[in-house]
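# Fold and geometry: a report
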Amino acid sequence: MKNDVVSSCRVRLARNIDGVPFGKKIDQGQIDSIIATAYGMLSNSNLGQFLLHRIKDMDLLDAKVMQEKRLISDDLIQNSENGAAIIDEFEQVSLMLMEEDHFRLQCIMDGLNLYEAYERLIPIDDILSQEFGYAYDLQLGHLTSCITNVGTGVRAGALLFLPGLTITQEIEKNINIASNFKIAIRGYYGEGSGNEGFFYQISNQCTLGLSEQEILQSVTNTINHLTQAELSARQTLLKNDGVSLRDKIGRAYGVLTNAYTLTSKEFMSLIALVKLGASLDLIKFKDQAKIDKLILDCQPAKIISLCGEKDVKERDIYRARLTAKTLKI
């Protein structure tokens, strides 16, 4: 399923090596050996082209851009001395090493393709398991640093665009419904973050006692439910408050295409309304993929990498120019 509700999906596997200390108790020699071995195995496989990124050797800005793309986490950046990431050429598959666990293997895909994302990870997971041997208990399953990942170690989720449910104040009800099925709904950047631009991340809360297929199906069912609820909420907005909605969208488009400066927060609040307007055909925008790319390009780290400006005001001016150039029809 591909629509403008489901922006992207992700499947992540948490794994640890049997006999190797978890967390900060692992020594530097073991870390270097694990990273080198894992990279050598993937490089010599027929599973694609991979690049190794040692966080300590990266510019912090480049690492933050990777985080905004969801290829690595803030926890990995914080562990800059030991952390590393092995990422494929299409920036779909990434293996984080020495984050919370020894391995965090993930695949990100457009739309709702959780099963395909999981299938992409299986051969890589098998290679790592055969070489290193995982910490595994016959009763509990995979042993992980965080207890909520014990079991299959599978986290399946998606980034959803939910303006209809947010504006109609139906989002809390749906969050409560999802929590009953052990599905968490969080903000744009995950736990503890806000819902910038009406974007939310959803994923399963635990993996113990469930098979991989059961997790994928449960999350898929929840996403399908939220998608239908969101599409219904958008139509309700049009029917009950169409004049006000059109006015907000039109004003947002006017500001974005004429503003001299735009902060990141202001941009996200306004571009969300324009994205909603395009989805409802209230704004004639031929290529909505340009809006999604613009959202990524205007994130705090990415905008610095594009314009080379570290001065906040200059960045905001560049963001406004880039936005106007992209959106003007």
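Everything below is about the structure printed above this text.
All values derive from a computational prediction rather than experimental measurement.

### As for the packing of aromatic side chains
- Across all of its chains, the model carries two aromatic pairs by this definition.
- Note on F161 and F199: the rings are 5.2 Å apart at their centroids and 40 degrees apart in plane angle, and the pair reads as tilted. With a gap of 38 residues between them, F161 in strand β8 (residues 154-161) and F199 in strand β10 (residues 199-204) connect regions that are remote in the sequence. Each member of the pair, F161 as well as F199, is classed as buried.
- The lysine or arginine in question, K275, covers the ring of F161, its NZ or CZ lying 5.1 Å from the ring centre.

### Some remarks on helix α6 (residues 171-180)
- When we look at burial in α6, the residues that qualify are I171, N174 and A178. Buried residues of α6, seen end-on, are gathered within an arc of 65 degrees and therefore sit on one face of the element. For α6, the exposed residues set more than 90 degrees away from the buried face come down to E172 and N180.
- Where α6 is buried, its residues contact α5 (163-167), β9 (183-186), β10 and α7 (212-258).
- Once α6 ends, the next one or two residues include K182, with phi positive near 60 degrees.

### Considerations on the side chain of R54
- As for its placement among the helices and strands, R54 is situated in strand β2 (residues 50-54).
- In this view, R54 contacts Q28, D32, I35, E81, N82, G83 and A84; residues no more than four positions away in its chain are not counted.

### Here we look at the packing of helix α2 (residues 60-68) against helix α10 (residues 300-307)
- The contact between α2 and α10 brings their axes to 8 Å, and the two run at 130 degrees. Classified by the angle their axes make, α2 and α10 are oblique. Judged by the sense of rotation from one axis to the other, the crossing of α2 with α10 is left-handed. Where α2 abuts α10, its residues L61, K64, V65 and E68 lie against P300, A301, K302, I304 and S305.
- Here the contact of α2 with α10 is composed, by residue class, of five nonpolar, one polar and three charged.

Calculation rules
- Residues numbered from 1 in each chain as written.
- Predicted model: local features only at pLDDT ≥ 70, side-chain atom pairs only at ≥ 80, totals over all residues.
- Heavy atoms only, no water.
- Phe/Tyr/Trp six-rings, centres within 6.5 Å; stacked < 30°, edge-to-face > 60°.
- Helix = DSSP H or I, 4+ residues; strand = E, 2+ residues; numbered from the N terminus.
- Buried < 20%, exposed > 50% of the residue type's maximum accessible area, 1.4 Å probe, protein only.
- Lys NZ or Arg CZ within 6 Å of the ring centre and 35° of its normal.
- Arc of directions from axis to C-beta.
- Contact = heavy atoms within 4.5 Å.
- Axes fitted to C-alpha atoms, helices over the stretch in contact; angles between N-to-C directions.
- Parallel < 35°, antiparallel > 145°, perpendicular 65-115°, else oblique.
- Left-handed = near helix turned anticlockwise from the far one by under 90°.
- Nonpolar A, V, L, I, M, F, W, Y, C, P; charged D, E, K, R; others polar.

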